[in-house]
Amino acid sequence: MNQQSSINSMQHQELILVLDFGSQYSQLIARRVRELGVYSELHPFNLSIDAINERKPKGIILSGGPSSVYEEGSPHPASEIFDLEIPVLGICYGLQVIAYRLGGEVNTSVRREYGQAELFIDDDADLFANLNEKGRTNVWMSHGDALTKLPNDFERIAHSSNSPICAISNKGKKIYGVQFHPEVVHTTKGKEIIGNFLFKIAGCQGGWNAGSFIERKSNEIQSTVGKQNVICALSGGVDSSVLAVLLHKAIGEQLYCIHINNGLMRKNESENVIKLYRDTYRFNLDYVDASDVFLSRLNGISDPERKRKIIGETFIEIFEAEANKIGRVSFLAQGTLYPDVIESTSFKGPSHTIKTHHNVGGLPEKMNLKLLEPFRELFKDEVRAVGKALGLPKEFIVRHPFPGPGLAVRILGDITKDKLIILREADDIFISELRKARLYEIIWQAFAVLLPVQTVGVMGDQRTYDNVIALRAVTSLDGMTADWAQIPQEILSKISSRIVNEVRGVNRVVYDISSKPPSTIEWE
């Protein structure tokens with residue numbers, strides 16, 4: 001079959017380019033800019049001058065990074081970037097790139113600087129305007145190199161006790177640099193500093209928000225699709241739910257959703273999806289109960305990668321068969337997000353495969369359809385904001401991430417109907433108690449795992465030899481790093497007691513206190 005084309009447009013009236021030099025905070029810079037109402041894109045450090053000019057950015061931000069600018073093979077942007085008459089802000093390594101390229105000097109610091117530091121402001125005219133900090137503010141440092149000589153035609157605008165040159169400016173060319181990280185929450189006035197660059201220096205007006213996105217993207221979808229039909233795999237998760245509602249708003253009856261029950265869903269998952277989208281929203285929704293097919297093909301399979309592959313291939317097979325029944329379909333809609341897009345084009349290149357992801361895996365390559373990805377310019381929190389603006393019920397907007405293979409990767413070992421029943425009930429108790437305690441929405445992800453071990457217990461006067469349930473709950477901003485959620489002891493105690501007493505076949509509950517890294521969020 002022919003290779004499909006991806007139908008997407010990223011034209012914006014205001015754009016800030018963030019060039020990635022390998023910092024762990026690069027995505028965070030782009031998010032902070034968007035939070036201030038200006039659209040941003042993250043690109044590799046070596047984005048060509050032609051590509052930059054084509055995008056017509058209002059400003060460019062150079063990220064931090066782990067390299068030293070004077071080392072062989074260290075990343076450097078195109079030399080002409082400082083002659084484009086486009087405002088530039090360099091952060092940490094980005095500051096050092098500016099200095100190194102424009103006549104300054106960068107050397108290894110006498111004393112490396114990591115963590116909180118006090119910044120003394122020498123010039124509060126533009127980048128540090130209106131901070132109301134009386135000439136000093138707290139910032140977050142993370143660097144081993146430092147400026148030892150100002151670049152030509154630059155002046156110092158801030159310093160710290162360890163970094164005599166901590167922020168610089170060339171006001172004529174609108175080029176600025178800071179040694180600290182304004183994008184992290186530990187920098188007290190970081191948001192205001194980035195805002196000063198956007199609005200005072202780069203001349204942005206703002207206005208990027210969920211409402212403006214919906215209006216622009218709806219018109220774009222209508223123009224692209226015309227009178228053709230669109231199919232969408234509707235799992236009931238945040239991304240697919242918001243995607244379906246946006247598409248339905250834009251093209252109405254031309255949207256056909258397919259919900260496949262693979263038998264690996266959470267408790268009442270499929271029933272809730274059908275009730276909302278078929279009965280309330282009146283979507284064209286094709287429901288397929290394929291649980292027996294999936295479970296028969298997974299019979300005896302314990303390896304997590306084999307599980308994922310079987311589930312992905314079976315999903316494709318069933319989805320394609322259902323799509324063919326609809327007819328006159330030209331587009332396949334997917335909930336691809338911006339982190340998925342930049343993952344393969346970042347400074348570091350494609351990441352090491354820790355696990356195979358399943359997001360309608362393989363469908364674009366297999367089916368002769370054009371790909372529609374309205375969210376490929378959004379972060380997860382922005383998708384939630386769009387869902388809220390579209391009026392999607394809160395319970396669907398705030399839902400925790402759920403893996404494509406479902407409970408198959410939360411049952412360690414082979415999968416049976418009995419194990420699925422145990423895990424569903426335990427997971428449902430865990431989540432319901434988190435909701436009652438008003439902890440669900442402040443936790444990034446929470447779920448139960450059925451372990452492939454049995455332990456001795458005593459229930460009543462009888463000895464038992466039953467299953468172990470592990471509880472996992474983490475806090476995070478984007479899922480890339482995460483810390484275990486410190487759920488109050490009395491709540492964990494109640495959850496454990498309910499699971500052991502109400503879920504037949506479980507006599508022990510444990511709580512996972514591992515962070516990511518070194519652990520992943522999911523167990524498989």
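Residues numbered from 1 in each chain as written. Predicted model: local features only at pLDDT ≥ 70, side-chain atom pairs only at ≥ 80, totals over all residues. Heavy atoms only, no water.

A. Spatial organisation of the side chain of arginine 308. Along the chain, arginine 308 turns up in helix 9 (residues 304-326). Look at arginine 308: it is buried, it has no salt bridge, and the nearest opposite charge is glutamate 305 at 4.2 Å. (Helix = DSSP H or I, 4+ residues; strand = E, 2+ residues; numbered from the N terminus. Buried < 20%, exposed > 50% of the residue type's maximum accessible area, 1.4 Å probe, protein only. Lys, Arg positive; Asp, Glu negative; His and termini not counted. Salt bridge = Lys/Arg side-chain N within 4 Å of Asp/Glu carboxyl O.)

B. Examining the layout of surface pockets more closely. Its boundaries defined by the atoms lining it, the second largest pocket holds a volume of some 450 Å³. Put simply, the parts of the chain that give the lining of the second largest pocket at least two residues each are helix 7 (269-280), helix 13 (394-397) and helix 14 (417-436). Here the lining of the second largest pocket is built from residues that sort into five nonpolar, four polar and nine charged. (1 Å grid on protein atoms, 1.4 Å probe; cavity = no way out; pocket = protein on both sides within 12 Å on 5 of 7 lines; lining within 4 Å. Points joined across faces, edges and corners; volume = space filled by probe spheres on them. Nonpolar A, V, L, I, M, F, W, Y, C, P; charged D, E, K, R; others polar.)

C. Inspection of the environment of isoleucine 487 at higher detail. Examined against the element boundaries, isoleucine 487 turns out to sit in the loop between strand 18 (483-484) and helix 15 (489-502). Here isoleucine 487 falls in the buried class, since its relative accessible area comes to 8%. Linking isoleucine 487 and leucine 434, residues 53 residues apart in sequence, is a C-alpha distance of 8.9 Å. When sequence neighbours within four positions are dropped, the list of residues in contact with isoleucine 487 reads Phe430, Leu434, Leu439, Ile443, Ala473, Leu492 and Tyr511. (Contact = heavy atoms within 4.5 Å.)

D. Summary view of the environment of asparagine 132. Tracing the sequence through the fold places asparagine 132 in the loop between strand 6 (105-121) and strand 7 (136-149). Of the residues examined, asparagine 132 reaches a relative accessible area of 71% and is grouped as exposed. On a C-alpha basis, the gap between asparagine 132 and tyrosine 277 in space is 50 Å, while along the polypeptide they are 145 residues apart.

E. How the structure looks around helix 5 (residues 210-225). For helix 5, with 16 residues, the first-to-last C-alpha span of 22 Å sits near the 22 Å given by 1.5 Å per residue. Those residues of helix 5 that fall on the buried side of the exposure criterion are Ala210, Phe213, Ile214, Lys217, Ser218, Glu220, Ile221 and Val225. Structurally, helix 5 contributes buried residues whose contacts are with strand 11 (229-233), helix 6 (238-251), strand 14 (329-333), strand 15 (370-372) and helix 12 (380-389). Positive backbone phi, approximately 65 degrees, marks glycine 226, located one or two places after helix 5. (Expected span 1.5 Å × (residues − 1).)

F. Summary view of the side chain of serine 241. Within the element layout of this structure, serine 241 appears in helix 6. Classification of serine 241 as buried rests on a relative accessible area of 0%. Engagement of the side chain of serine 241 in a polar contact is seen with the backbone oxygen of glycine 236, the distance being 3.3 Å. The residues contacting serine 241, other than those within four sequence positions of it, are Leu234, Gly236, Tyr277, Leu392 and Phe396. (Polar contact = N/O pair within 3.5 Å; in protein donor to acceptor, adjacent residues only side chain to side chain.)

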